[in-house]
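Listed here are the chains, written in short residue letters.
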Amino acid sequence: MLEPCLPDATPAPDAAAIVADAATLEAAVVSAAVPASPEDARYMALALLEAKKAWREGEVPVGAVVVKDGEVIATGYNQPIGRHDPTAHAEIMALRAAADKLGNYRLPGCALYVTLEPCAMCSGAMMHARLARVVYAAGDPKTGVCGSVLDLFALEQLNHHTVVAGGILADEAGAMLKGFFAERRAAAAQRRLAERSSEAATGTTTDPKAAQLTETGN
């Protein structure tokens, strides 16, 4: 999954504090930019806790839950790296679990809550599942198809139309994503620093341009 292009925050909230527990996340809806019902906030808070699981496993922190008749029937989080599966996005994992739970590949009357605007693959799966409603937190200007890059759900040519709502706990979801990518960039910088220190100590280099010059004798 590509790193979402998220607006800068000044400063970004501490991600660890944001994902501390569901109660904290539910309370955060009071300051959300988009009005949300208590139910939407509660379910999105649970999706954010799923996203935290992805972060712990080194995956981009995106989480999802599926709700039917006021009950959470399935959850999922991003796992494409660990599962070696390009389709293992949070939404797909949650849809699979919900279908298994209900014994039906169609999920009428169900709502899916996800912490990042769905991509084309996930949106297509949601339409095939006949979801009644999709609710997302942060928008994704790079791959989101609920209005950011395009709006698949608004295409009248399609034979199923799912109700879509966005912006529920968007600040919290965005802060978590920013925290993850900041942590990853810091780790990469630390690795590069360690490599340079090792090279300085041994007189070797892992610089690809230097290695190429050595091989060609230029």
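Our structure's up above, just so we're on the same page.
Since the structure is predicted, the reported quantities are computational estimates derived from the model, not experimental observations.

(A) Focus on the overall build of the protein. Helix and strand content of the protein: eight helices and five strands. Mapped in sequence order, the helices and strands of the protein form the string α-α-α-β-β-α-α-β-α-β-β-α-α. Taking all 218 residues of the protein together, the buried fraction comes to 42%. Relative to all contacts within the protein whose residues are 6 or more apart in sequence, the contacts with residues 24 or more apart total 60%. Accessible surface for the protein amounts to roughly 11,300 Å². Of this, 56% is attributable to carbon and sulfur atoms.

(B) Focus on the pairing of strand β4 (residues 133-138). For β4, the buried fraction is high: five of the six residues fall into the buried class. Sheet analysis places strand β3 (residues 110-116) next to β4, joined by five bridges and oriented parallel. Along β4, the bridge assignment pairs Y113 with V135. A crossover connection joins β3 to the parallel β4 through helix α6 (residues 120-129); in handedness this β-α-β unit is right-handed. Looking at chain direction, β4 and strand β5 (residues 163-166) are connected through four bridges and run parallel.

Conventions used here
Residues numbered from 1 in each chain as written. Predicted model: local features only at pLDDT ≥ 70, side-chain atom pairs only at ≥ 80, totals over all residues. Heavy atoms only, no water. Helix = DSSP H or I, 4+ residues; strand = E, 2+ residues; numbered from the N terminus. Buried < 20%, exposed > 50% of the residue type's maximum accessible area, 1.4 Å probe, protein only. Contact = heavy atoms within 4.5 Å. Areas by Shrake-Rupley, 256 points an atom, 1.4 Å probe, with all protein chains shown as cover. Pairing = 2+ DSSP bridges. Right-handed = clockwise from strand over helix to strand, strands pointing away.

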